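Residues per chain are reported as follows:
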Amino acid sequence: MTPPAPVVRRLILSDYRSYTLARCDIDARRVALVGENGAGKTNVLEALSLYSPGRGLRRAELADCARRDGPGGFAVSLDIAFDDATTQLGHGLTPEGDRQFRIDRAPVGSARAFADHLRVLWLTPAMDGLFNGAAGERRRFLDRLALGVDADHGGRVNRLERALRNRNRLLEEGVADRRWLDAAEQEIASLGVAVAAARRETVSRLAAQIVTGESVFPWAEVAIEGEIEGWLAEAPALAVEERFREALAQTRRRDAAAGRTLTGPQTSDLAVRHGPKNEAARDCSTGEQKALLMGLTLAHARLVGEMTGKAPLLLLDEVAAHFDPIRREALFAELETLGGQVWMTGADPLLFDSLRGRADIMQVTPGRIARL
Ligand SMILES: Nc1ncnc2c1ncn2[C@@H]1O[C@H](COP(=O)(O)OP(=O)(O)OP(=O)(O)O)[C@@H](O)[C@H]1O
């Protein structure tokens, strides 16, 4: 069954990148932003992606999102409709560099508070190298997926990274008091097992959402590869935590020589295979990789819908242009079944011709968003 979905009805950008003040009113569940290269389409998607915890789809420094030659800082406001009610969500950066988040004008602590109202997922051309790139990119991708399973996952990953840096520094400095190292390793063990468990759980839930069989998109086989994840398959979390802590204590000399901690979920990887061809995704063609990534994104959206009871907002940057007309139509049909609102971009309005009457097609020109 298709889960209900919050829908963006209005977006206002103030001093956000190429926009001084732009307002965009939306009726439909499909939004296509069309315009020339550099017109400002991705800027709109980026402003929406910042409703999710983290640095958004460009992973930009927030100060760079403030309009150049502007007063400094920016504001983004969103009216979302859900269950006959409208909620206003706002985020921004003050000229002093302070981040602000508001729900119905009342300040909230972080973008994490938006999660009850809206989940945002995206697929962008920058993710094209995911299968060929470093494992760190795939872990980051997986960690975004894991937020759908456990909203605290991001915070734990950050704390684990800090604890690992702390241990590496203590090893490098050769501190005499071993209790500092013991404490750092205890923290790494407990956070590391929680992070590994969430990633494992996410991969298994994601796999359950992947539809195998006849489709124009090849299905992906996903698996998590990592030492701690492997231990978790054999023993309860508490036992794994103890084993991990002992392993850290026994590998101090090795890790001091390496300058980093070699055991732990910071070395795990997400393995993806092209199901029908039974081939590693990194060996697939560019087109096949894009289709696999699209399939994973659709599975992720279904997973978030199942976990939260609400279909997420999906941002697809320059995705439609990459598929031939048959695959593009199949994609539009798949998006229909997700139930959530989808924002897409493309330079050519013809890409979205078949959606006419069913989508809001907006023309983006520098600084302006207007209905086409
Ligand atoms: N902080 C900023 N202040 C003003 N303009 C900015 C800022 N950051 C980026 N821009 C401008 O925004 C434009 C890029 O917008 P965007 O990436 O959204 O384009 P696009 O329509 O997605 O293009 P493409 O089709 O090429 O991907 C560029 O012209 C860039 O100079």
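Residues numbered from 1 in each chain as written. Predicted model: local features only at pLDDT ≥ 70, side-chain atom pairs only at ≥ 80, totals over all residues. Heavy atoms only, no water.

As recorded in an unreviewed UniProt entry, the protein goes by the name DNA replication and repair protein RecF, listed as coming from Methylocystis echinoides. We quote the UniProt Function (unreviewed entry) comment for the protein here in full: "The RecF protein is involved in DNA metabolism; it is required for DNA replication and normal SOS inducibility. RecF binds preferentially to single-stranded, linear DNA. It also seems to bind ATP." (UniProt positions renumbered as here; feature names shortened; annotations may be inferred.)

### A few points about the overall build of the protein
Secondary structure assignment for the protein yields nine helices and 15 strands. The C-alpha radius of gyration of the protein comes to 22 Å, within 12% of the 21 Å expected for a compact globule of 372 residues. Based on the C-alpha atoms only, the size of the protein along its principal axes is roughly 65 × 55 × 35 Å. When the 372 residues of the protein are sorted by exposure, 50% land in the buried category. Surface summary for the protein: the accessible area is close to 17,200 Å², and the carbon and sulfur share equals 48%. A distance of 2 Å separates the average location of the 50 positive side-chain charges in the protein from that of its 52 negative side-chain charges. (Helix = DSSP H or I, 4+ residues; strand = E, 2+ residues; numbered from the N terminus. Rg over C-alpha atoms; globule rule 2.2 N^0.38 Å. Buried < 20%, exposed > 50% of the residue type's maximum accessible area, 1.4 Å probe, protein only. Areas by Shrake-Rupley, 256 points an atom, 1.4 Å probe, with all protein chains shown as cover. Lys, Arg positive; Asp, Glu negative; His and termini not counted. Charge placed at Lys NZ, Arg CZ, Asp CG, Glu CD.)

### Quick word on the pairing of strand β2 (residues 19-25)
Judged from the six bridges that link them, strand β1 (residues 7-16) and β2 form a sheet pairing that is antiparallel. Each bridged residue has a counterpart across the sheet, and for Ser14 the counterpart in β2 is Leu21. The antiparallel hairpin formed by β1 and β2 contains two residues in its connecting segment, where Arg17 sits at a positive phi of about 45 degrees. (Pairing = 2+ DSSP bridges.)

### With respect to the side chain of Gln341
Topologically, Gln341 is positioned in the loop between α9 (325-338) and β13 (342-346). The class of Gln341 is buried, set by a relative accessible area of 0%. One polar contact links the side chain of Gln341 to the main-chain amide nitrogen of Val8, over a distance of 2.8 Å. Reaching out from Gln341, the side chain makes a polar contact with the side chain of Trp343 at a distance of 3.2 Å. (Polar contact = N/O pair within 3.5 Å; in protein donor to acceptor, adjacent residues only side chain to side chain.)

### Remarks on α9
If you check α9, its first and last C-alpha atoms are 20 Å apart, about what 14 residues at 1.5 Å a residue would give, namely 20 Å. Regarding α9, the residues found buried are Arg328, Leu331, Phe332, Leu335 and Leu338. Axial view of α9: buried residues confined to an arc of 110 degrees, hence all on one face. For α9, the elements touching its buried residues are β3 (30-34), α8 (286-308), β12 (313-316) and β13. Phi turns positive, to about 90 degrees, at Gly339, one or two residues after α9. (Expected span 1.5 Å × (residues − 1). Arc of directions from axis to C-beta. Contact = heavy atoms within 4.5 Å.)

### Looking at the domain arrangement of the protein
The domain architecture assigned to the protein consists of domain 1 (1-119 + 313-372) and domain 2 (129-309). Look at where the C-alpha atoms of domain 1 and domain 2 centre, and you get two points 29 Å apart. If you look at the interface, domain 1 gives 19 residues, while domain 2 gives 20 residues. Linking domain 1 with domain 2 are two salt bridges, by the criterion used here. Here Glu334 and Arg302 are joined by a salt bridge, their closest N and O atoms 3.8 Å apart. Remark: the boundary between domain 1 and domain 2 carries four residue pairs in polar contact (both at pLDDT 80 or more). (Domains from an automatic or database assignment. Salt bridge = Lys/Arg side-chain N within 4 Å of Asp/Glu carboxyl O.)

### Notes on the packing of aromatic side chains
The geometry of an aromatic ring pair is captured by the separation of the ring centres together with the interplanar angle, meaning the angle of the planes. Within this structure, the stated rule accounts for five aromatic pairs. Seen in terms of ring centroids, Phe101 and Phe114 are 6.0 Å apart; in terms of plane orientation they differ by 65 degrees. Their pairing is edge-to-face. Placement of Phe101 in strand β6 (residues 99-103) and of Phe114 in the loop between β7 (106-108) and β8 (120-123) is noted, with a sequence separation of 13 residues between them. The residues Phe101 and Phe114 share a single accessibility class, namely buried. With a centroid separation of 5.4 Å and 80 degrees between ring planes, the pair formed by Phe217 and Phe323 is classed as edge-to-face. In this pair, Phe217 sits in the loop between α4 (178-209) and β9 (220-225) while Phe323 sits in the loop between β12 and α9, placing the two residues 106 residues apart along the sequence. An identical accessibility class is assigned to Phe217 and Phe323; each is buried. One aromatic cluster in this structure is built from Tyr51, Phe101 and Phe114. Of note, Lys310 hangs over the ring of Phe82, and the distance from its end group to the ring centre comes to 4.6 Å. (Phe/Tyr/Trp six-rings, centres within 6.5 Å; stacked < 30°, edge-to-face > 60°. Lys NZ or Arg CZ within 6 Å of the ring centre and 35° of its normal.)

### Brief notes about the site of the ligand
Looking at the ligand, there are 16 residues lining it, with Gly38, Thr42, Asn43, Arg58 and Glu318 nearest. Within the side chain of Glu318, a nitrogen or oxygen atom sits 2.8 Å from an oxygen atom of the ligand. The residue makeup of the shell around the ligand, split by class, is two nonpolar, six polar and eight charged. (Near = heavy atom within 4 Å. Nonpolar A, V, L, I, M, F, W, Y, C, P; charged D, E, K, R; others polar.)

### As for helix α2 (residues 135-149)
Its 15 residues give α2 an end-to-end C-alpha distance of 21 Å, which sits within 8% of 21 Å, the value for a rise of 1.5 Å per residue. Listed in full, the buried residues belonging to α2 are Arg138, Arg139, Phe141, Leu142, Asp143, Leu145, Ala146, Leu147 and Gly148.

### Quick word on the UniProt feature "binding site: ATP" (unreviewed entry) in the protein
Taken from the UniProt record, the annotation "binding site: ATP" (unreviewed entry) applies to Gly35, Glu36, Asn37, Gly38, Ala39, Gly40, Lys41 and Thr42. Within the secondary structure, Gly35 is located in the loop between β3 and α1 (41-49). If we skip the residues at most four places from it in the chain, Gly35 touches Lys41, Gly346, Ala347, Gln363 and Val364. Within the secondary structure, Glu36 sits in the loop between β3 and α1. Using a relative accessible area of 65% as the deciding quantity, one classes Glu36 as exposed.

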